[in-house]
Amino acid sequence: MLYFSDLLQYSDVFLSGLKTTVELTVLTTILGVVLGTVCATVRQYGNRASQRVVSVYVELIRNTPFIVQLFFIFFGLPAIGMMLSPWEASMIALTINLGAYSTEIIRAGLASISKGQIEAAKVLGLNFRQTLTRVIFVPAFEKIYPALTSQCIIVMLGSAVISQISVQDLTYAANLVQSRNFRAFESYFVTALLYLGLSILLRFAFNALGKRLFAYRASN
Amino acid sequence: MSLVNLHQVHKYYGDNHVLKGIDLDIKAGEVVSIIGKSGSGKSTLLRCINGLEQYQEGGITVDGKEVTTEDIQVRRLALSVGMIFQNFNLFPHMTVGENVMLAPTIVLKKSKAEAETTARAMLEKVGLADKFDSFPEKLSGGQQQRVAIARALAMSPKVLLCDEITSALDPELVGEVLKVLEQLAKEGITLVLVTHEMNFARDVGSRVVFMHQGKVWEQGDSKTLLSNPQTDELKQFIGAVL
Amino acid sequence: MIEFSNYDILRNLMFATQWTILLSLAAFIGGTTVALTLTAMRLTRNPAMQRIVRVYVELFQGTPLLMQMFLCFFGLSMLGYEISAWGAAILSLTLFTSAFLVEIWRGCIDTLPKGQWEASRCLGLSFLQTLRHIILPQAIRVATAPTVGFSVQVIKGTALASVIGFVELTKVGTMLNNATFEPFKIFTLVALIYFMLCYPLSLYSKHLEKKFNVSR
Ligand SMILES: Nc1ncnc2c1ncn2[C@@H]1O[C@H](COP(=O)(O)OP(=O)(O)O)[C@@H](O)[C@H]1O
Ligand SMILES: [Mg+2]
């Protein structure tokens, strides 16, 4: 028998877990995309040495599991003198993780902008920074926006792992509830649905944001 | 007896009434050119004849048999109707020979040897005997289209439908494809072709069908019709094309 | 307390790596099989079938893999189906892998021009003959690179099996850490081993992609 009603008394626990997950997601999405933008720009237009550094960062992160990255930051770094709270470690790990994936994605967008566009901007007298922000970024981001936002959702779902270092997120709440009422299936099922709702909601939010960001399309 | 017969065929795409009561009768051995402005329903007409599109009213028969989009029916139809597309649609992962041999072996269940003999003969006919082992991407557009013709011929169809088969070609390659068609016409194969090549329609074709706004607006013997159009629409169309 | 030499650490990690590889292979094979079935369901053009596949993909792409594992492990046993950590890990990784592969493959099949289907139809090929002779051979060529690329995600996904107690590379890493208190060293090594498993696959996928782009 399933007893979902038993979970009602724990709705506060779920809600506070949900809040933590959402907060971390919003924060790390912003930080991660900014990090990815910087790294992608360096990777695309920087000098050879800095390109190398970025490549190593991207490949290291993309080819190791997030949980190991998290453990390395939370358990490993204190051993060399960097103490971090679980929350800080999670934030850093998530940002670095999303940063690496978004570097790859954004770079593909930058690469898709033709040389002609850049040269035209130069001829018009724009400096490099102006060219980047006014000529390159908007069409580049528009192109990769779907891939980038899917990656943000994937990272949000991956954040479930931070419960393993006792960050009180949604998954932590699920573990807590099932340890109290021994209703594992119900607890995890409801939590899974909450994550599903969250990812659908995020997708809607990203779509709405995209419509505003790239509104110039609609106006012509 | 007629080989292809359309009776009051109506076709809609949603609310878009594309074919508005088409009556058409094609006898064996005829070479029928369908002309008309873009969007007048020429492709749709061909696609209804070979069962690629469903029509909503009226009836189509090929060789006396009703045409539907049922998978089984289309497959039977494929034995009597061949189709050549504007953009060739060759199978890029197969050699020219394999392209031509595929349907005879797996649909007609011919032996490999028999299918190969036919394939070589058909490629010979379109002047590409030496390309048997080449891949389509290595060929020019004109050559690819001729392979597509050979592929259709290998199924010995009773009628061959061609939808603007020279429109995607560079001008200098159009001639080689038309020459193949002309040869086929001489051999007596029934051809129904949507085309913008007025000279070809006049000199090789036996009949011209002018389509306008989803209707057969005017039709008749190719030489008479093109030199002496009756309706203003056809006059205008000929004036614009020539 | 037992002393662990560097040699002991490495030996234990290497041993655990075998389980990571085995789990990855099992999940990849399972995922491929299920994804093939789902792809076939999608291609039938039966609306009900397509709907089932859409919901399946949405469910398993829209929830955390960790949650899927918990549900398979704790959830199923609560419902009276006893399942080992190994079984739960394979089951959840199979579901997860197939949901992503079916979407990847869908993209590959959809990039083939509609004319390929139409030409086949006009030549009298049946649906299955078209799939077998025309669509699949071309789709497989397109799909190989992204599929190899996704295998990296599968390997990384196996790390989550440590959370439900399956003893693979990450689990042994945390166990060794608890015994040695040398987290920096241990987790660096663990990360490096994963990197050595995944990076060649990433490179190979990139290589395949390049080769494919040149050949067309
Ligand atoms: N697959 C389709 N879906 C919806 N409308 C279509 C489709 N194909 C053609 N049409 C419409 O049907 C009409 C006739 O098209 P078509 O037969 O291609 O004309 P033609 O070949 O003479 O240029 C056009 O208005 C076109 O927009
Ligand atoms: Mg047309």
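Residues numbered from 1 in each chain as written. Chains lettered and ligands numbered in written order. Predicted model: local features only at pLDDT ≥ 70, side-chain atom pairs only at ≥ 80, totals over all residues. Heavy atoms only, no water.

A. Structural context of the site of ligand 1. Residue and element names in this part refer to chain B. Around ligand 1, the neighbouring residues are Tyr13, Asn16, Val18, Lys37, Ser38, Gly39, Ser40, Gly41, Lys42, Ser43 and Thr44. A distance of 3.1 Å separates an oxygen atom of ligand 1 from a polar atom in the backbone of Gly41. Between ligand 1 and the protein, one listed contact pairs an oxygen atom with a backbone N or O atom of Lys42 at 2.9 Å. Taking 560 Å² as the accessible area of ligand 1 by itself, protein coverage stands at 60%. At the level of elements, β2 (16–27) and α1 (42–49) are the ones that each hand at least two residues to the shell around ligand 1. When residues of the shell around ligand 1 are assigned to their parent elements, the largest contribution, three residues, is made by α1. Taken together, the residues of the shell around ligand 1 sort by class into two nonpolar, seven polar and two charged. (Near = heavy atom within 4 Å. Polar contact = N/O pair within 3.5 Å; in protein donor to acceptor, adjacent residues only side chain to side chain. Areas by Shrake-Rupley, 256 points an atom, 1.4 Å probe, with all protein chains shown as cover. Helix = DSSP H or I, 4+ residues; strand = E, 2+ residues; numbered from the N terminus. Nonpolar A, V, L, I, M, F, W, Y, C, P; charged D, E, K, R; others polar.)

B. Representation of helix α3 (residues 65–78) of chain C in the model. A rise of 1.5 Å per residue sets the reference length of α3 of chain C, with its 14 residues, at 20 Å; its end C-alpha atoms lie 19 Å apart and thus fit the reference within 8%. The largest bend in α3 of chain C amounts to roughly 30 degrees and is located at Leu71 of chain C. The buried count for α3 of chain C comes to ten of 14 residues, which makes it a mostly enclosed element. Among the residues making up α3 of chain C, those that are buried are Leu65, Leu66, Met67, Gln68, Met69, Phe70, Leu71, Cys72, Phe73 and Gly75 of chain C. Looking at the packing, one finds that the buried side of α3 of chain C touches α7 (170–181) and α8 (184–213) of chain A together with α2 (47–61), α4 (85–111) and α6 (127–158) of chain C. Looking one or two places after α3 of chain C, you find Gly80 of chain C, whose phi comes out positive at around 100 degrees. (Expected span 1.5 Å × (residues − 1). Bend = angle between axes of the 7 residues up to and from the residue. Buried < 20%, exposed > 50% of the residue type's maximum accessible area, 1.4 Å probe, protein only. Contact = heavy atoms within 4.5 Å.)

C. Here's a closer look at the sheet that holds strand β5 (residues 65–66) of chain B. Residues and elements named next belong to chain B. An order of β2-β1-β4-β5 is seen for the four strands of this open sheet, with the pairing classed as antiparallel. The open sheet is flanked by β2 and β5, the only strands paired with a single partner. Relative to β2, strand β1 (residues 2–13) runs antiparallel, the two sharing nine bridges. Bridging from a neighbouring strand, Tyr13 pairs with Asn16 of β2. (Pairing = 2+ DSSP bridges.)

D. Quick look at the UniProt feature "transmembrane region" (unreviewed entry) in chain C. Residues and elements named next belong to chain C. What UniProt calls "transmembrane region" (unreviewed entry) maps, in this numbering, to residues 20–43, 55–77, 83–105, 142–166 and 186–204. Each end of residues 142–166 is marked by a C-alpha atom, and these two atoms are 35 Å apart; helix forms 68% of the span and strand 0%. Secondary structure across residues 186–204 divides into 100% helix and 0% strand, with the first and last C-alpha atoms of the span separated by 28 Å. (UniProt positions renumbered as here; feature names shortened; annotations may be inferred.)

E. The side chain of Thr63 of chain C, seen in detail. Residues and elements named next belong to chain C. By secondary structure assignment, the location of Thr63 is in the loop between α2 and α3. On the accessibility criterion, Thr63 (9% relative accessible area) is buried. Within the structure, Thr63 has its side chain in polar contact with the side chain of Gln68 (distance 3.0 Å).

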